[in-house]
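# Chain and residue survey
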Amino acid sequence: MPARREVVLFEGRAGEEAFSRRMRAVSLGSRPSFVRLSFVELDRDRMPGFHVRETDYGGEAVAALPKERRRRAWTGRIDEMWLDAPDEHLLLAQPDTLVHLPEGVDPGGAFLKTSDGWRRKGQSRPARTLPERVLVVGAGLAGAFVTEALTARGVRVTVLDAHQVPAAGASALCCGLLHPHWQASDNPLFALTRAGFACARETLLRHPDCWAPVGVLDVARDEETERAWMAARAEARPFPMPSDFARWVSRDEAQSLSGLSVNRSAWWYEGAGLVRVGRLARTLLAESGAPIRCNTRVSLERRAGEWLALTPAGEVAARADAVVIAAGCASAGLANLPDTLLPIEPLYGRISLLGNDPYPGLRTALTGHGYLGKLDGFVGVGATYERGDARVLTAEAAHEHNFETFGDVVTPAKTPLPVAFYEGVRAVSADRLPVVGAAPDAEALRGLAFRGVPQEKDLPTAEGLWLCTAMGSRGITWGRLCAQTLVREMAGEAPLLEAALVGALSPLRFAARAYRASGGKALF
């Protein structure tokens, strides 16, 4: 497929009118994926990271980052760059990037003057474009988000799933929680979660029947936790929270918001809510128009430049130019990767479903050590985390565990009456982050050793094989952002995340760590 042009204006003194005039003067040819990138200092109204929104001309990214992180923050292709003056943004220009500057301004010896502007000297990178046909293996929430992102770009997608219907397994959940999971440290987990929260809300606001934006109260589960949270807030750790993202509320306000007699103060996420997960996945798949073939177990094989999905009988179920594996715990097997290269483990979970309503005044969702939600007549409390892909606890012990998660937070009006479970298997990576990007090439890595320790860019990847999996219990929050990040990487475009965070999600991170541990010796 033809590549979308990356046209970037690093805005300095130019105002909105000048920006619009410049963009109208550019012969775009096709809608660019970004048209403006602005680096700004951190402040109370903007959290660290990339903030992306759509404009009439494409996307606008505002990067709120310290100066020392800016050069390494942006990755991907930049075809055209508009600047008011030579400044630090020139460091991001790549060979063949066309740089526009005011008449008479010289960017320096690293650039050559051309008839249409300036170009950085050096050898350009080969352009990457989206494949025409993609096979998505997995019709759960992650696969639905990937299918949505690919079909929106005109890619022909076929979806296969081993279950009998789409959105089965862990994605069958009828009431899941979307919220930004405040943390006192600005680690990759929190950075990904707050970016994913904003991205997920965009699609949910377009599908109001798939969620209930009731807000979520994150209640301190004990006094020690409450003291730690209050200390972090007083010290503005990890940074001051914009009130429309997360607001600290007293016990009295938490009671007023929730309609329950909660025992401690809390973080209030006004833009959060309860998601009809299965409905959302099925809606996105239906809107995509992609053909879906369920009850189909396959293995993957590359022959003559294309990928084949083969049934156990050896029949070709589908063929494509590329494959995206979004199959949870089955992902490593489908990609033919050993645990060393893709360590994903199953984590069984159960939510207690109640036959009565012990929380009649509940107006919001609650979270903390567990979560409590009420939606469409469903009252659920949970959840268990049982290692493996099957039940570990007895039914009585599982219900007891779930009720204990809120035993210190809120007192029910009457004794809860558990009648059943919602249960499923979460797919969790070794470092608890999702796995998004090009899959390692296991055969090319077999017996491969290095002098010293290789970087991820030195490791071989399988041609046309991609991963978007291991969402754990945060697929609602992470899934859409991960899918968009993956598709942009497939197209060779700049990601929606800071480069360091993209690297933290890379499937190659496990091989790189294993090589560091071995001193560069072959892994297998």
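### A word on the pattern of salt bridges
Summed over all chains, the structure comprises 24 salt bridges. One salt bridge connects E148 with R206, and the closest N-O pair in it is separated by 4.0 Å. Highlighted residues: E148 in helix α3 (residues 141-151) and R206 in helix α4 (residues 188-206), separated in sequence by 58 residues. Linking E493 and R153 is a salt bridge whose minimum nitrogen-to-oxygen distance equals 2.6 Å. You can see E493 sitting in the loop between α11 (475-490) and α12 (499-505) and its partner R153 sitting in the loop between α3 and β10 (156-160), a full 340 residues away along the chain. Of the two residues, E493 and R153, both sit in the buried class. Each of the salt bridges in this network shares a partner with another, and the network as a whole consists of R133, E306, R319 and D321.

### Remarks on the packing of aromatic side chains
In this structure the tally under the stated criterion is 8 aromatic pairs. Aromatic pair F190 and F239: ring centres 6.1 Å apart, planes at 5°, arrangement stacked. Linking F190 in helix α4 with F239 in the loop between α5 (223-234) and β14 (247-249), this pair joins segments that are 49 residues apart in sequence. Like F190, the residue F239 is buried in the burial classification. The interplanar angle of 50° and the centroid separation of 6.4 Å between the aromatic rings of F190 and F245 together place this pair among those described as tilted. Of this pair, F190 sits in helix α4 while F245 sits in the loop between α5 and β14, placing them 55 residues apart in sequence.

### What to know about unusual backbone geometry
Following R237, the chain continues into P238 via a peptide bond in cis, with omega recorded as -5°. Here P238 lies in the loop between α5 and β14. Here the bond from G382 into A383 is cis, since omega is 10°, no more than 30 degrees from zero. Notably, N295 is not glycine yet its phi reads approximately 55°, a positive angle. Its place among the elements puts N295 in the loop between β17 (292-293) and β18 (299-303). By relative accessible area, which is 55% here, N295 ends up exposed. The residue A304 is not glycine, and still its phi comes out positive at about 50°. Note that A304 resides in the loop between β18 and β19 (306-310).

### Re α3
In terms of burial, α3 is largely enclosed, as 10 of its 11 residues are buried. When we look at burial in α3, the residues that qualify are L141, A142, G143, A144, F145, V146, T147, E148, A149 and L150.

### Points about a negative patch on the surface
On the surface, D43, D45, D244 and E270 cluster together to form a negatively charged patch. Tracing the backbone through its elements, the reader meets D43 in the loop between β2 (36-40) and β3 (49-55). Residue D43 is classed as partly exposed on the basis of its relative accessible area of 35%.

What counts, and at which threshold
Residues numbered from 1 in each chain as written. Predicted model: local features only at pLDDT ≥ 70, side-chain atom pairs only at ≥ 80, totals over all residues. Heavy atoms only, no water. Salt bridge = Lys/Arg side-chain N within 4 Å of Asp/Glu carboxyl O. Helix = DSSP H or I, 4+ residues; strand = E, 2+ residues; numbered from the N terminus. Buried < 20%, exposed > 50% of the residue type's maximum accessible area, 1.4 Å probe, protein only. Phe/Tyr/Trp six-rings, centres within 6.5 Å; stacked < 30°, edge-to-face > 60°. Patch = residues over 30% accessible without salt bridge, like charges linked within 9 Å, V, L, I, M, F, W, Y side chains within 5 Å. Areas by Shrake-Rupley, 256 points an atom, 1.4 Å probe, with all protein chains shown as cover. Lys, Arg positive; Asp, Glu negative; His and termini not counted. Charge placed at Lys NZ, Arg CZ, Asp CG, Glu CD.

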